Structures are given as C-alpha cells and as structure tokens.
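Each chain is listed here by its residues.
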Amino acid sequence: MKGPLVDVSGAIDLHCHPAPDLFPRLADDVEVAEHAHGMGLRAVMIKSHYEPSPSRAAHTQRMVPGIQVFGGIVLNHSVGGVNPAAAEAALKLGAREVWMPTVDARYHAEVHGGTGSYDVQQSAGSPRPGISVSDDDGELRPETLEVLDLVAEHDAILGTCHLSPGEIRLLVAEARRRGVRRITVTHPFFKVPNLSLEELTELTALGAYAEFGYCTISPMWGYANPRRIAEAVQAIGARHCLLVSDAGQRHNPMPAEALRIFAQSLHECGVSEEDVSTLIRTNPSDLLDLGAAPAVVEAPVAEGVTLP
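Source: prediction; values computed, not measured.

Novice: How do you make sense of the sheet that holds strand β5 (residues 157-159) when you look at a structure like this?
Specialist: Sheet strands line up and pair through hydrogen bonds in the backbone, either parallel or antiparallel. Pairing in this open sheet of eight strands is parallel, and the strands run β1-β2-β3-β4-β5-β6-β7-β8 from one edge to the other. On the outer flanks of this sheet lie β1 (12-16) and β8 (241-244), each paired with one strand and no other. Adjacent strand axes in the sheet meet at a mean angle of 25° when their direction is disregarded.

Below you can see the structure in the form of structure tokens.
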C-alpha cells in the first residue's frame, strides 16, 4: 500500500447530510454522530437543504456524548430564500454556518435543469424559480448584504454553496469588506460551481477556504478525481483548504467513513500526513474556533493492578 493508513481521530466534518431531509438519506442525525464518534471524530456539522439545523444539532449533542455537533442554515426557498430574519434567528439559536442557496440557487437550476434536483437524485420539494444573491445589474441585493452583516456580527462561517462563479466572487469580496472572517467556498470542483483552479486561488487569496467534498469524487457523482483535488491542495496550500464528506446519500459511505476514504485518497496522491491533518483537523477547528483538541489523559493504574 502506498503510504500509511490515515488516522481520522480528532477530525471534524463540517458538511454532512443526515436524515430527515427531502432527499433520501443513509442515516439520521444520531446515527451519523454515533458512527463519527465511533471513528474518533471530534465534531460534525449537520447540513439540511430544507430546514435550519441548530436545534437538531443540540438534540443530537445530548443523545451522543463525546462528540460535538453543530448546525447551520441554508438560505433556500423553505426558509424564505436569502432571508435575514431566518438567518438571524438561526444564528441566535446557535447556527455556526450560514450557507447561501444550494438546490434552489438560480445557477443550480440553470446547470441541473431546475431547482431541487441533481443529475443522480431528486428531492421531494416542488420546483420553484431559482434564487440569485445579486440583481440584474450585477450588484448584491440588499437582503444579501444584511445577511453578510449578520454573519459578521455573530462571527459565523459563510458558505458560498451553489451560486455562480461570478456571484461567488462578488459575495466573498463583499463579505471580507464587511468583516466576515470565516468563509468556505463550497465543493469548488462539483458541477456547481465548477470553478477553475485560477478562480479558486483568487478566492483563497481573499481569505476564503476551499472546501473539498468527498461527494465530488464519489463513484456516483464523479465530477473530479482525487488527483485533481490533491494537486489543487498542493498548489493553493493546505492552510487554505479543508476536506469534508458532503455525504449522507444512500449511494455513498457513512459521512465519517467517506471523510476517511477522501483523506486516504489524497494522501496516496501525494498530500503529506501533516497537510492531511491540517485539512481535516486544524482548519475546520479554526473555522469553528474550537482551539486545540483536548489531550487524552489515561487513567492511572492502581498499585498492584496488572493490565491484561
């Protein structure tokens, strides 16, 4: 085997898709968290296309001790689109990330032929007109600017999601101007947004992280291969990138296992163990402001006791 087995203990998955959802899912919140805990992950972030997830995360956190569980809000039609009131409520309830529109984005609808569906799976949501964060003059809409201010105020993460490359450039630049410190460029080599390496490099130079997801390279989706992502990480620098599972679909492994496969694949494509650790531990921890992982302290062995 080329290289050692990658250790994912202490890793953080900032992007996974448990049930319930309007897309078919492999496992629910608790099952995903239990599995991740069993593999030694430090934290997971629940992402739902159709409802805010902070309350789900709080419930799961109580059900699965030993792992931290976070939630956020995706600004799709089901929460009123790019809706500052919904974003504010979610942030005050503990949301750690605000994602721009995903399956309801206008660019997503243009690429996939409508909202609420992908090439390989369809949701139970009704098709609706796509959402854009900018107007016909190419300026960010007032409600988009208000959401950016809320993200900055709460020092949360901003996720770019399924916007067009042009919208993403506008959004990241304006977010930085308004004091947003934590930005992820969501699955940049996925079919949406399908950024070039040059475009991605420009965005990371503004302070955003390139968030690469397993789903992009998975057998069912296959929009990129591990070598392309490994080369991008090496070109941009691991300190400006992170790995997530983006999993939960029935045709993919459980999210924590998908993250392990992804990390292992990139390592075997030339990404060093140190850089892999940066991608799955250091950078997501920084985005969540978790600090260093707590040290594991072994209980002292009583005098006269022999361990097996």
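Novice: Looking at this structure, how should I read helix α1 (residues 29-38)?
Specialist: The α-helix winds at 3.6 residues per turn, so residues separated by three or four positions along the chain end up facing the same way. Regarding α1, the residues found buried are Asp29, Val30, Val32, Ala33 and Ala36. Take α1 and look down its axis: the buried residues cluster within an arc of 165°, on one side only. In the core, the buried residues of α1 are packed alongside β1, β2 (43-46), α2 (54-63), β3 (68-74) and α10 (255-268). Sitting at the amino-terminal end of α1 is Asp28, which places a side-chain oxygen 3.2 Å from the backbone nitrogen of Val30. Once α1 ends, the next one or two residues include Gly40, with phi positive near 90°.

Novice: Could you clarify how one ought to interpret the pattern of salt bridges in this entry?
Specialist: Close approach of charged atoms lets side chains of opposite charge pair. Counting across every chain of the model gives 14 salt bridges. The closest approach of N and O atoms between Asp21 and Arg25, which form a salt bridge, is 3.1 Å. A single burial state applies to Asp21 and to Arg25, both of which are buried. In this structure, Arg169 and Glu199 form a salt bridge, with 3.3 Å as the shortest nitrogen-oxygen distance. In this pair, Arg169 sits in helix α6 (residues 165-177) while Glu199 sits in helix α7 (residues 197-205), placing the two residues 30 residues apart along the sequence. Take Glu199: its relative accessible area is 23%, and that puts it in the partly exposed class. One network of salt bridges, in which partners are shared, links Asp149, Glu174, Arg177 and Arg178.

What counts as what
Residues numbered from 1 in each chain as written. Predicted model: local features only at pLDDT ≥ 70, side-chain atom pairs only at ≥ 80, totals over all residues. Heavy atoms only, no water. Pairing = 2+ DSSP bridges. Helix = DSSP H or I, 4+ residues; strand = E, 2+ residues; numbered from the N terminus. Axes fitted to C-alpha atoms, helices over the stretch in contact; angles between N-to-C directions. Buried < 20%, exposed > 50% of the residue type's maximum accessible area, 1.4 Å probe, protein only. Arc of directions from axis to C-beta. Contact = heavy atoms within 4.5 Å. Polar contact = N/O pair within 3.5 Å; in protein donor to acceptor, adjacent residues only side chain to side chain. Salt bridge = Lys/Arg side-chain N within 4 Å of Asp/Glu carboxyl O.

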